[in-house]
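Fold and contact review
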Amino acid sequence: MEFIDRLPSMDLMRSEKMSFVQLIFPVESAHRAVSYLGEIGLLQFKDLNDSKSPFQRTFVNQVKRCGEMSRKLRFFKDQISKAGLASSAHPGMQPDIELEDLEIRLSEHETELIEMNANSEKLRQTYNELLEFKMVLNKAGEFLVTVPNHSTTQERELDENVFLKDDYVENASLLEEQMHPGPAMQPSLRFISGIISKSKVLRFERMLFRATRGNMLFNQATAEGYVADPISGEMVEKTVFVVFFSGEQAKNKILKICEAFSANCYPVPEDITKQRHITQEVSARLSELETTLDAGTRHRDKALTEIGFYLRKWIIMVRKEKAVYDTLNMLNFDVTKKCLVGEGWCPTFAKPQIQDALQRATIDSNTQVGIIFHMMDTMESPPTYFKTNNFTSAYQEIVDAYGFARYQEANPAVYTVITFPFLFAVMFGDWGHGLCLLIGALILIAQERKLASQKLGSFLEMAFGGRYVLLLMSIFSIYCGLIYNEFFSVPFHIFGQSAYRCRDTQCSEARTIGLIKYRDPYPFGLDPSWRGSRSELPFLNSLKMKMSILFGVTQMNLGIIMSYFNARFFGSSIDVRYQFIPQMIFLNSLFGYLALLIVIKWCTGSQADLYHVMIYMFLSPTDDLGDNQLFPGQRPLQIVLLLLAFVAVPWMLFPKPFILKKQHSERFQGRTYGMLGTSEMDLEVEPDSARQHHEDFNFSEVFVHQMIHSIEFVLGAVSNTASYLRLWALSLAHSELSTVFYEKVLLLAWGYDNPAIRLVGLLVFVSATASVLLGMETLSALLHALRLHWVEFQNKFYYGDGYKFKPFAFSTLADEEE
């Protein structure tokens, strides 16, 4: 134990030591001091006004002003986007501007833009109306010119076929009146011309027919060109129509229907000369409006370009100001002393930096009163803060996705850096596929600076964030692929010749029968001769299954050992004696012993059936092992291990609750104050300690909790070990799937002499490899590796119920999207 205590501590093993501090700011320097603290980003403020609503806080007006400026900046950003312009990614070197001056400037720009937009909208509306009027004049004029010819053409047919009855005039339809007008009917025929969206024409015509009971003539023609929609602003194809009708009542109905369908009606004179004259006037007016609109657009784009040059700088400035005032609203305002009082957490190593920032704020504010910064004691649990870099941040996020570590709790990310990509590679072992992943990871790392400043899609963003995880995953996949001797499922003699050869020179099926061992084993990895042999699958099944159990028992033992270091760090001897020791005994008495048998069987080449050994170790431990005995004294050892496993269960279950109860009772009798006073145990860290349950100690609750924990460990030892068999299952699935693609797609296509078939087979093989093996299989192995770390490994020692250190930092606001 003393040797372990003398070992140097790892920086990433424990979270940074935190200090609870109090700051007293004079009003004159409070804003500048908080701004400087936001630059260094190492202090998390505590909200001392959480009982107040946002409108009851001191700096609510300043927050409202910043919010209003943010709204104006969003308005400018939308206008720039609609205009098709790009705001400058590198803000111009504008002299520093005060918040009040910026507010005035933003108001002026907003007023100017709103006025320009209103004028442009009016001109655009007038232009659209004139453009539609011109289209109606062109098309409707053709209808009015061709109507007499059409009537004359059809008049003869109506005379011959219909005009035979005397009462026809009374029942004649509008179409017939138009085609055979009488002296009294001629003046009553009228028309309405207009334009409508092409998508509404059919419904519009049907409604007109029903409303007038067929007493109308509807002519239509597609307009040349597109017209901007007044609501959406999109270019819409229009259709010009002319409706001929008779009577005032029909006119009112048609006008209402036109209004309901958003059809614009325009007057078209029947005289061709007037039509030409009006068309010329409309064309001249359209030309003038185009010139005016172009000039207005250029002026507007120039103003937006000027705004866009400084837009990013203004957005960052306003966000920083709003963040500063939001933070100031978290402080207590002492009216009598004219100061602000704040509290918060900071890493212990950051205290000199914070003090320097506060001193600079005092000097720059030209105030005679300094800022008070001192440490405070608190019973609250500190936040958890791990210092990470580009390499370790992804692994820390993998652990944090399960839950944030308690303060100073052992950090699983230290081991996840290696174990996570290695377990992935065990399931994904193929050095051909690993090379593909390596190339992708190296591309992402090489383009790191470029991609970090761009907005990426969800999948690419995830891949870029885990680029260093992908790098180690690919390296370990190459390593495991060399051990499995698989390159896109094809074995190679990389490390020399096979240890097996044909029994005689007449052996014709050297891949299946007649192989004998004639030299030392293959120096590294799997012998290539196993590929394609009859015993390939049984051999690989046995190898990978036993290897998975060894990896699982090793990692679970590591998790239990981590619980020991946690207990030692927090000074909880109860957890060492009544949790760590019985857990180690139980796990290794059963599954540690199984791992030992696997290693001995591999070393001795024994034919013992390990299934039989483990089953009858429980059912009949005293029976003779016979051929299943691997070493002398195996039977008495199994009996001892079985007894230890049974003893470990009550050892985990009963002592700890009763000892905690005894400590609680003795504490309030005054007999163990000295002993308890030396404990450094944190109240939040040890949930079952006597210090936490001093007044509200509930023995039944503690006992039930311990019973659940013990049962969970006992059952979990079995299920967790079985869960590691997914390493075996996914590895075999990946290998067999790769073999299917190689043999049934690529080799099958290559058996033809046709180059087209070979090319198609190659394309199918590449597509299947990229989508299934490099896409779906990678994601599957990734998720299974996550499961093994979150459940099988971390549940042995990791509580993960802490909360993350979230300092007030401007760096988190730079790329924040509102």
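As the structure is a computational prediction, the values presented were derived from the model and not from experiment. (Residues numbered from 1 in each chain as written. Predicted model: local features only at pLDDT ≥ 70, side-chain atom pairs only at ≥ 80, totals over all residues. Heavy atoms only, no water.)

**Notes on the sheet that holds strand β5 (residues 235-246)**
- One open sheet accounts for four strands, arranged β4-β5-β3-β6; its pairing is antiparallel. Whereas interior strands pair on both sides, the edge strands pair on one side only; in this sheet they are β4 (217-228) and β6 (264-265).
- One ladder, built from nine bridges, connects β4 with β5; its direction is antiparallel. Residue pairing across strands places N219 opposite V242, the latter belonging to β5.
- Of the strands in this sheet, β3 (189-197), β5 and β6 touch helix α8 (residues 248-260), which is tilted by about 170 degrees from β5. (Pairing = 2+ DSSP bridges. Helix = DSSP H or I, 4+ residues; strand = E, 2+ residues; numbered from the N terminus. Contact = heavy atoms within 4.5 Å. Axes fitted to C-alpha atoms, helices over the stretch in contact; angles between N-to-C directions.)

**Side note on the nonpolar core**
- Counting 82 residues, the largest nonpolar core has F586, Y593 and L597 as the members making the most contacts within it.
- Counting residues per element, this core draws most heavily on helix α18 (residues 573-604), which supplies 13 residues. (Core = buried A, V, L, I, M, F, W, Y, C linked by side-chain atoms within 4.5 Å. Buried < 20%, exposed > 50% of the residue type's maximum accessible area, 1.4 Å probe, protein only.)

**Some points on empty space enclosed by the protein**
- In total, this model carries one cavity of 30 Å³ or more according to the counting rule given.
- By volume, the largest cavity amounts to about 60 Å³.
- Looking at the largest cavity, the residues that line it are L12, K387, T388, T392, Y395, Q396, N411, A413, V414 and V417.
- Only α11 (393-400) and α12 (413-428) provide two or more residues apiece to the lining of the largest cavity.
- Among the elements that make up the lining of the largest cavity, the one with the highest residue count is α12 (three residues).
- Looking at side-chain class alone, the lining of the largest cavity contains five nonpolar, four polar and one charged residues. (1 Å grid on protein atoms, 1.4 Å probe; cavity = no way out; pocket = protein on both sides within 12 Å on 5 of 7 lines; lining within 4 Å. Points joined across faces, edges and corners; volume = space filled by probe spheres on them. Nonpolar A, V, L, I, M, F, W, Y, C, P; charged D, E, K, R; others polar.)

**Overview of a nonpolar patch on the surface**
- On the surface, Y611, I615, Y616, F618, L619 and F646 cluster together into a nonpolar patch covering about 690 Å² of accessible area.
- Tallying contributions element by element places helix α19 (residues 610-619) first for the nonpolar patch, with five residues.
- Among the secondary structure elements, Y611 is positioned in helix α19. (Patch = residues over 30% accessible without salt bridge, like charges linked within 9 Å, V, L, I, M, F, W, Y side chains within 5 Å. Areas by Shrake-Rupley, 256 points an atom, 1.4 Å probe, with all protein chains shown as cover. Salt bridge = Lys/Arg side-chain N within 4 Å of Asp/Glu carboxyl O.)

**So, unusual backbone geometry**
- Unlike most non-glycine residues, S262 shows phi in positive territory, near 55 degrees.
- Looking at the secondary structure, you find S262 in the loop between α8 and β6.

**Section: the confidence of the model for the protein**
- Mean pLDDT for the protein: 84, with 86% of residues reaching 70 or above.
- Note on residues 147-187: pLDDT under 50 across the span, and 32 contacts to partners over four residues away in sequence or across chains.
- Within the model, the stretch residues 671-694 combines pLDDT values under 50 with 47 contacts to residues more than four positions away or in other chains. (pLDDT = per-residue confidence, 0-100.)

**Description of the pattern of salt bridges**
- Applying the stated rule across the entire model yields 18 salt bridges.
- The shortest N-O distance in the salt bridge between E110 and R71 comes to 2.9 Å. One end of the pair, E110, is in helix α4 (residues 99-161); the other, R71, is in helix α3 (residues 60-82), with 39 residues separating them in the sequence.
- Here the salt bridges share partners, and the residues they tie into one network are E68, R71 and E110.

**Focus on a negative patch on the surface**
- A contiguous patch of negative charge on the surface is contributed by E108, E112, E115 and E306.
- With three residues, α4 is the largest single contributor of residues to the negative patch.
- By the secondary structure assignment, E112 is in helix α4.
- The exposure class of E112 is partly exposed, given its relative accessible area of 31%. (Lys, Arg positive; Asp, Glu negative; His and termini not counted. Charge placed at Lys NZ, Arg CZ, Asp CG, Glu CD.)

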